[in-house]
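A closer look at the structure
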Amino acid sequence: MTSTSSQHPVRLYDTILVGVDEGNQSMDALLLAEMLAEPSEARLIVTHVSPVSRWVAEGMREEVTRAIAERAQEILAPARRAVGHVNAVEFRTLADDCVPRALNKLAQEEKADLLVLGSARSAGLGRVMPGSVSGQSLNGLQCQVALAPQGFHLGVFPPSLDVIGVAHDGCAESKHALGLSSELALQLHAALRVIRVLDPAKVIGPLAYAYGIPPHASHFVDVRKTTNDEIAEIVAQSPVPTRSAILDGPEAKQLIDSSHEVSLLVLGSRGYGTAHQVLIGSTSSKVVRSARCPVLVVPRGGSPCAELSDTRVELAAISG
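The notes below deal with the structure included here. Fair warning: this is a prediction, and the values are worked out from it, not measured in the lab.

Section: the nonpolar core
- Ranked by size, the top nonpolar core spans 47 residues in total, and within it Tyr-13, Ile-16, Leu-36, Leu-184, Val-266 and Leu-296 carry the most contacts.
- Top element by residues in this core is helix H1 (residues 25-37). It accounts for 8 residues.
- When near neighbours in sequence (up to four residues on either side) are disregarded, Leu-184 contacts Leu-12, Tyr-13, Leu-36, Leu-264, Val-266 and Leu-296.
- Grouped together as the second largest cluster of nonpolar side chains are 32 residues, Leu-117, Ala-167, Leu-265 and Val-297 included.

Spelled out as structure tokens, the structure:
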């Protein structure tokens, strides 16, 4: 394992945007944002977006605008008390009939590196679950998105991000997530846990059902050996204390179970779609609805999944 003594962590975050409303889940988001901002001394922009109706009579516009502004300041008051001690913090109030759109636009204007949101009011204590706004905000953002679990700020002892878990399936997106997780672990003086899930149904099933190739137990054994070698190399080269977990079974379930054992779970976006945007696949969607720790989703990079690229090359060679 590489020594961390000579490592100089890069500045991961310059600007972190935090969306707040009048619920206690805003305190969860603020605490998580502050913890992630501290190592980089990142600027926090704490924002409340007031939903407005387009159907306001002309004679009422001034009164409605004033009422919205006053209410927004009331909602921001607890946030001011919670993070008023942070040196680089700004408070913004916006009015828009589409809250996710307003957050996305502000994130682009301010070149935010990360958007932090709380979970839905209906989420169980300690669970991550996107609300209507955060659920709509997840897809399409060009910055990272982090969700704080319900009650994150209510612990008897202050929470710490001392174990960073990262889901790694070998694709380019998960490798990007791994790189970010390593840098986070360096900055937070945390350990890293690399989680690889092998679902036999996905490893063997397509061969049998799509192509009529009978499943062989040896095929799964070979896949596991290759995976073990790959993960062992990642652990050996990691600049931080690193452990690995290679799990069998449905991917979403195994990642949700693993969220009990880490302080922050990092997920890559799905392996296709627009580059440099957060794109939630079916597995990630399930995880962010049931995880037991904060979840951070990384936008996908500019290159497709490595395995898919190799497959396309091989198929092109065969068809040629």
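Description of the packing of aromatic side chains
- Across all of its chains, the model carries 0 aromatic pairs by this definition.
- Directly above the ring of Phe-91 sits Arg-80, whose terminal nitrogen or CZ lies 4.5 Å from the centroid.

Some points on the sheet that holds strand S10 (residues 295-298)
- If you trace the 10 strands from one edge of the open sheet to the other, you get S3-S2-S1-S4-S5-S10-S9-S6-S7-S8, paired in mixed fashion. Looking at strand neighbours, the two that pair on one side only are strand S3 (89-95) and strand S8 (242-248), the edges of this open sheet. For this sheet the average axis-to-axis angle between neighbouring strands, irrespective of direction, equals 20 degrees.
- Here strand S4 (residues 114-118) runs beside strand S5 (residues 144-148); their pairing, made up of 5 bridges, is parallel. From the neighbouring strand, Gly-118 faces S5, where its bridge partner is Ala-148.
- Each of S5, strand S6 (163-167), strand S7 (191-198), strand S9 (264-268) and S10 touches helix H5 (residues 172-188); the most contacted strand, S9, lies at about 150 degrees to it.
- Across the face of the sheet, helix H8 (residues 251-258) comes into contact with S6, S7, S8 and S9 while running at roughly 155 degrees to S7.

Describing the side chain of Ser-26
- Position of Ser-26 among the secondary structure elements: in helix H1.
- Overall, Ser-26 belongs to the buried group, its relative accessible area being 3%.
- Apart from the residues within four sequence positions on either side, Ser-26 is in contact with Val-20 and Asp-21.

Here's the deal with the environment of Ala-72
- Residue placement: Ala-72 occurs in helix H2 (residues 61-83).
- Looking at Ala-72, the relative accessible area reads 1%, which means it is buried.
- Through-space distance from the C-alpha of Ala-72 to that of Asp-21 is 8.7 Å; in sequence the pair is 51 residues apart.

Points about the pattern of salt bridges
- Using the criterion set out here, one finds 14 salt bridges in the structure.
- In this structure, Glu-90 engages Arg-43 in a salt bridge whose closest nitrogen and oxygen atoms are separated by 3.1 Å. Highlighted residues: Glu-90 in strand S3 and Arg-43 in strand S2 (residues 43-50), separated in sequence by 47 residues.
- Relative accessible area serves as the criterion here: at 26%, Glu-90 is assigned to the partly exposed category.
- Glu-110 is the partner of Arg-43 in a salt bridge, and the nearest nitrogen-oxygen pair spans 3.0 Å. With a gap of 67 residues between them, Arg-43 in strand S2 and Glu-110 in the loop between helix H3 (99-109) and S4 connect regions that are remote in the sequence.

Notes on H3
- Among the residues making up H3, those that are buried are Val-99, Pro-100, Ala-102, Leu-103, Asn-104, Leu-106 and Ala-107.
- Of the residues flanking the end of H3, it is Lys-111, one or two places downstream, whose phi is positive at about 55 degrees.

Side note on the environment of Val-203
- Residue position: Val-203 is located in helix H6 (residues 200-211).
- Taking the relative accessible area as the measure of exposure, Val-203 reaches 19% and is therefore buried.
- Sequence spacing of Val-203 and Phe-220 is 17 residues, and the spatial spacing of their C-alpha atoms is 6.9 Å.
- Setting aside chain neighbours within four positions, we find Val-203 in contact with His-219, Phe-220 and Val-223.

Quick word on unusual backbone geometry
- Look at Glu-41: it is not a glycine, yet its phi comes out positive at around 50 degrees.
- When its relative accessible area of 65% is taken as the criterion, Glu-41 is described as exposed.
- Non-glycine residue His-189 carries a positive phi angle of around 55 degrees.
- Tracing the sequence through the fold places His-189 in the loop between H5 and S7.
- The exposure class of His-189 is exposed, given its relative accessible area of 75%.

Procedures and definitions
- Residues numbered from 1 in each chain as written.
- Predicted model: local features only at pLDDT ≥ 70, side-chain atom pairs only at ≥ 80, totals over all residues.
- Heavy atoms only, no water.
- Core = buried A, V, L, I, M, F, W, Y, C linked by side-chain atoms within 4.5 Å.
- Buried < 20%, exposed > 50% of the residue type's maximum accessible area, 1.4 Å probe, protein only.
- Helix = DSSP H or I, 4+ residues; strand = E, 2+ residues; numbered from the N terminus.
- Contact = heavy atoms within 4.5 Å.
- Phe/Tyr/Trp six-rings, centres within 6.5 Å; stacked < 30°, edge-to-face > 60°.
- Lys NZ or Arg CZ within 6 Å of the ring centre and 35° of its normal.
- Pairing = 2+ DSSP bridges.
- Axes fitted to C-alpha atoms, helices over the stretch in contact; angles between N-to-C directions.
- Salt bridge = Lys/Arg side-chain N within 4 Å of Asp/Glu carboxyl O.

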